[in-house]
Amino acid sequence: MTGTSAIVMWSPGEHKGARQTFAGYPRLTSCGKEQHVELLTFALLGLGVGAIYGIVAQGLVLVYRASGILNFAQTGFLMIGAYIFYELYVLGGWPYWAALIVAMLACAAMGAAVHLVILRPMREASAVARLIATLGVLGLLSSIAAIIYQGNTASVPSSLPVTSVTVLPGIRIGLNIVILFGIGVAVTAVLWLFYRYSSFGRVTSAVAENQLAASVTGHSPDMVATVNWALGAALAAFAGVLIAPIDYLQSGTLVLLIVPAIGAGLAGSFLSFPLALVGGLVLGMAQSVVSLYVTTPGWSLSIPYILIVAYLVIRGRGIPLRSFVIDRLPKVGSGRIRPPVVAALAAIMIVLLIVVPPEWSTALTVTLTYSVITLSVVVITGYAGQLSLAQYILAGVGALAAARLSANWHFPFLAALAGALVITAVLGALLALPSLRARGVSLAVATLAAGMVIFDLILNNYTLSGGENGVTQSSPNLFGWSIDPALHPARYGVTVVVILVLLALAVANIRRGDAGRRMLAVRSNERAAAALGVHVYAAKVYAFTVAAGIAGVGGMLYAFLSPTVTSGNFDLLTSINFVTVTVVGGVGNIGGAIIGSTMLPSGVVTQIFFSVQNINAWIPLAGSVGLLMVLRRNPSGLFDLNAQLYLRLRARVRPPRAADAGGTGPRPAAAGAADDGGQRTWRASPKTLHVESLRVTFGGVVAVSDVSITVRPGEVHGLIGPNGAGKTTFIDAVTGFVPLAAGRILVDDTDVTGWGARRRARLGVARTFQSLELFDDLTVRENLAVGADDGGGLRYLSDIVRPGRPRLRPLVLAALRESGLEDTLDALPSSLPFGRRRMIAIMRALACDPSVLLLDEPAAGLSDPESEALGVLIRELATTRQIAVLLIEHNLDMVRAISDRMTVLASGSILAEGTPAEVLAHPGVLETYVGDFAAPGGIA
């Protein structure tokens, strides 16, 4: 029984003419008014659990307001607080209030320590990295409890009265529910009043709005965060004491309250105490009411999680706004395959499996099956940048599907393996749906909630999974050759090695092909990927599908080590642990997945330290500590750390040649780079951009009003105006990133007003960005190859077997030569000077073979010679290539020198338009904007 399932089962009541059906509560059998009474009764029964959800959520609100972190470790503090209370109150005989206060103070100290020791040094890290750090703290606390109590349960007597009371005419509920509801309301009221009217509360609100401004006024954001972390942890301990009498204490159950608590916090965007309580009450009541009408196992438990996923999907956006903060994720491997190394490693593993004793062979095989599952984390998180916390749960679905196919339909081993792959891949595609509108921390929450839904409805559903008895599958064999792991552990291990190698090669191929470059482009910057014609949704769905299929295969291989598959063992906490160990190993590298798999229990490390008591509880503890250390020192993981060490040692032994230093030396562009891949020729078909009466509004603010511009082939049209005039918003609207309030956009005679950014890019409308938005995880060559990608869907399949090489068009190669950028093709953009990166951003737009090119301040940050060279290139692109160019730029000398026509925007409207001479002679331009253009190269 899970913790969340037990919470709703409190204090039975009595009604005449009723039959007991819901943990002691009556379900009425008559109709009409009595049914309404029954519905209201069950809704009120949910107030107790809802109040608990709300109190836990208040702690999340405290931490988020002060430090901007969604604290997944909140229920870890709750669990520790409950255990401290148990030790003092039950075993030590302390008074109730004394035990409660000590538990809260101890957790407050832990909360402050977590902030000061772990998260404060990570204040410059991404939001996702800090979220993963809180997952590490959660794993650390859970492991400590598991080591101390060794999985045993503990019981705390109730201190609340359980008698029934009448709350409404004909409706009786437990007094404990009424008290818990009152406590929830009281806690919320105290927090709301304190943070609204006290000086500390006002400072916390100021820090939440702007840390820099708060620090300038003499307040320490770090001190504010520390205090709020302490208060949040103390509040979690208080909730743990309230929960302790409701169900048996067990480390693996209390921490699961984090999901509904997050759902409650979402109701107030983790900023409002009253809304967090309301959210918790709604979740609790919905959970209780569903149990009245739905008897299918798992549905009442899944309601909070389904509501969370629905909320995140409805609230999210398909493509993020310009203001969306891009997380810097760990480094990604190149996917390069070294056949001798692969063959040698596989041979060594096969020999080990054959020569070691059976128990060692089994332990090695367990670790290898883990490697398959962690490999799925590399695909979804490392390559696609989608933080999924449900991979191990998907592995459980694969295990259950294969077991059912084997036991019920007598599928042979390979057929069951294929079935597991297909079924979990389809489920993974469905799991991808939240990712289409959620990302980063929100996506992690969505996958966590979706994982709990899958667990409750499928894996923990006894009608499907066989309950504690599980499903007994047929003895596995390959073409009549028995590979039963009980009889032939080495044979089964060799089979797992072969499958792991094949899957690793497939993942490496994906990384090197168009499919991998698309995923990495989406991971780096969704807006820039869409602007280059990458189908962002397709890339995400593909990543989830492939990763789920791999996880399903790994789950089957692991589960078939036992004659009986018990899918209920594929739980949420272990699923989180799979993600954390992969991050420790190196989530961007295949080798990192293999390193991470060794940090999981029941594998080879367990066998090595077999004599250590309760070793399987110590391994997750070590993994959590390792995660926190890696996140602080090198977020790219142990694989990257070892790779850097190897390169340093090799450099000492054999200094690199000058041409190879840094890996950024010249590389002959003719070596496949100029291959046009059967795509269109270098000259784009000339097209005219017509923008008619364009209007863009944000709420009640008009950003662009009634702007009409026409840009013809071979023409450079300058668009100028002061900051805030609406120039970038205009480009965003033309390229499909913001919706129009009115107006039309045509490319030749094609009306693209209702088209998305990707579809417009495919038609030949390309753009650059003020902030460059290059894909820092890809080399310059790969950045350009994303632009040159024809977007073919078949590449998602063919790349698994035969990845396509980067293809660059002659137009881009010629521009690279003319700009002196050929020697940068194999460098990462982040390693180059700003001016060269700016030029590469333009080259990437040219790689799309555009008919219309929109340049957003391309000369910003360039020196005068660089700006002059850029102006020559832009003019040549328009004249020689017949590209229609719309140029936004503050360097007025450059705009005047190369533009055929100019338009001036002021407050979102057209102030002047015409030839450069006509525009610059306009009185409004001279009087209002000359000062704004006083920049290097501009008019003084």
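Note that the coordinates shown come from a computational prediction; the quantities given were computed from them, not determined experimentally.

We now examine the overall build of the chain. Across its full length, the chain carries 38 helices and 18 strands. Counting every position in the chain, which comprises 940 residues, the buried fraction comes to 57%. Long-range contacts, defined here as pairs at least 24 residues apart, represent 76% of the contacts in the chain between residues at least 6 apart. Summed over its atoms, the accessible surface of the chain is roughly 36500 Å², and 63% of this surface lies on carbon and sulfur atoms.

With that settled, the discussion passes to helix α6 (residues 175-197). For α6, spanning 23 residues, the distance from its first C-alpha to its last is 33 Å, which sits close to the expected 33 Å at 1.5 Å a residue. If you check which residues of α6 are buried, you get Asn176, Ile177, Leu180, Gly184, Val187, Thr188, Leu191 and Tyr195.

On to the side chain of Lys727. Locating Lys727 in the fold gives a position in helix α29 (residues 727-734). In this structure, Lys727 is buried with no salt-bridge partner, the nearest side chain bearing the opposite charge being Glu857 at 5.0 Å. In this structure, Lys727 is in contact with Leu719, Ile720, Gly721, Pro722, Ile888, His890 and Leu905, ignoring residues within four places of it in sequence.

Overall, the coordinates contain 21 aromatic pairs when judged by the stated rule. Summarising the aromatic geometry, the rings of Tyr64 and Phe270 are spaced 5.6 Å apart at their centres and angled 40° between planes, so their arrangement reads as tilted. You can see Tyr64 sitting in helix α2 (residues 33-67) and its partner Phe270 sitting in the loop between α11 (258-267) and α12 (273-293), a full 206 residues away along the chain. For Tyr64, a relative accessible area of 30% translates into the label partly exposed. Taking the relative accessible area as the measure of exposure, Phe270 reaches 7% and is therefore buried.

This next bit is on the packing of helix α17 (residues 413-431) against helix α23 (residues 536-559). Running from amino to carboxyl end, α17 crosses α23 at an angle of 140°, the nearest separation of the two axes being 7 Å. Here the hand of the crossing between α17 and α23 comes out right-handed. Residues Phe413, Ala416, Leu417, Ala420, Leu421, Thr424, Ala425, Gly428, Ala429 and Leu431 of α17 pack against Val541, Phe544, Thr545, Ala548, Gly549, Gly552, Val553, Met556 and Leu557 of α23. Classifying every residue of the contact of α17 with α23 by side-chain character gives 14 nonpolar, five polar and no charged.

So, about the confidence of the model for the chain. Taken residue by residue, the chain gives an average pLDDT of 85. The fraction at 70 or more is 89%. When the criterion is pLDDT under 50, residues 1-30 qualifies, and its contacts beyond four places in sequence or with other chains add up to 81 contacts. Counting contacts from residues 321-325, a segment whose pLDDT is below 50, to residues more than four positions away or on other chains yields six contacts.

Turning to the sheet that holds strand β11 (residues 716-720), a few remarks are in order. Here we have six strands laid out as an open sheet, ordered β14-β15-β16-β11-β17-β18, and mixed in their pairing. A strand with exactly one partner marks an edge of an open sheet, and here the two such strands are β14 (765-767) and β18 (909-914). Each neighbouring strand pair of the sheet contributes to a mean axis angle of 20°, computed without reference to strand direction. Relative to strand β17 (residues 901-906), β11 runs parallel, the two being bridged by four bridges. Looking across to β17, one finds that Gly718 is bridged to Met902.

Let us look at the environment of Leu631. Relative to the helices and strands, Leu631 resides in helix α27 (residues 615-633). A sequence separation of 495 residues divides Leu631 from Gly136, and the C-alpha atoms of the two residues are 9.8 Å apart. Residues contacting Leu631, with those up to four places away along its chain left out, are Met122, Ala129, Ile132, Ala133 and Val583.

It is worth spelling out the environment of Pro635 at this point. Structurally, Pro635 can be placed in the loop between α27 and α28 (637-653). Pro635 gets classed as partly exposed once you look at its relative accessible area, which sits at 37%. Between the C-alpha atom of Pro635 and that of Val587, which follows or precedes it by 48 residues, the distance is 9.1 Å. Those residues in contact with Pro635 that lie beyond four places of it in its chain are Pro330, Val583 and Val630.

Now for unusual backbone geometry. The phi angle of most residues is negative, glycine excepted, and most peptide bonds adopt the trans form. You will see that Ser693, though not glycine, has its phi angle at about 50°, which is positive. The residue Ser693 is located in strand β9 (residues 689-698) in this model. Looking at Ser693, the relative accessible area reads 37%, which means it is partly exposed. Despite not being glycine, Glu773 has its phi angle at roughly 55°, a positive value. With respect to the secondary-structure elements, Glu773 resides in the loop between β14 and α31 (780-788).

Right, let's talk about the sheet that holds strand β13 (residues 750-751) for a bit. Taken in spatial order, the four strands make up an open sheet running β10-β9-β12-β13, and their pairing is antiparallel. Each edge of the sheet is formed by a strand with only one pairing partner; in this case those strands are β10 (701-711) and β13. Pairing of strand β12 (residues 742-747) with β13 involves two bridges; the strand directions are antiparallel. Across the sheet, the residue bridging to Val747 is Thr750, located in β13. Those strands touched by α29 are β9, β10 and β12, and its axis lies near 115° from that of β9.

Cut-offs and rules
Sequence order as written defines the numbering, with residues in each chain counted from 1. In keeping with the model being predicted, local features are shown solely for residues with a pLDDT of at least 70 and side-chain atom pairs are shown and tallied solely at 80 or more, while totals for entire chains, interfaces and linings include all residues. Computation of side-chain values covers all heavy atoms of the structure but excludes hydrogens and water. Where helices and strands are cited, they refer to DSSP runs of H or I of at least four residues and of E of at least two residues respectively, numbered from the N terminus. In this scheme, a residue with accessible area under 20% of its type's maximum is buried, one over 50% is exposed, and one in between is partly exposed, where area comes from a 1.4 Å probe on protein chains only. It only takes one pair of heavy atoms within 4.5 Å for two residues to be counted as in contact. Per-residue accessibility takes into account occlusion by the displayed protein chains alone, with areas from the Shrake-Rupley method and a 1.4 Å probe. The span expected for a helix works out to 1.5 Å for each residue beyond the first. When charges are counted, Lys and Arg contribute as positive and Asp and Glu as negative, whereas His and the chain ends are disregarded. A side-chain nitrogen of Lys or Arg and a carboxyl oxygen of Asp or Glu constitute a salt bridge if their distance falls within 4 Å. Think of it this way: a Phe, Tyr or Trp ring, Trp meaning its six-membered ring, pairs with another when their centres are within 6.5 Å, and the plane angle makes it stacked under 30 degrees, edge-to-face over 60, tilted otherwise. Simply put, an axis is a line fit to the C-alpha atoms, just over the touching stretch for a helix, and the angle between two N-to-C directions goes from 0 to 180 degrees. A crossing counts as left-handed when the near helix is turned anticlockwise from the far one by less than a right angle, and as right-handed when that turn is clockwise. The classification used treats Ala, Val, Leu, Ile, Met, Phe, Trp, Tyr, Cys and Pro as nonpolar, Asp, Glu, Lys and Arg as charged, and all other residues, Gly among them, as polar. The quantity known as pLDDT measures the predictor's confidence residue by residue, on a range of 0 to 100. Any two strands with at least two DSSP bridges between them are considered paired.

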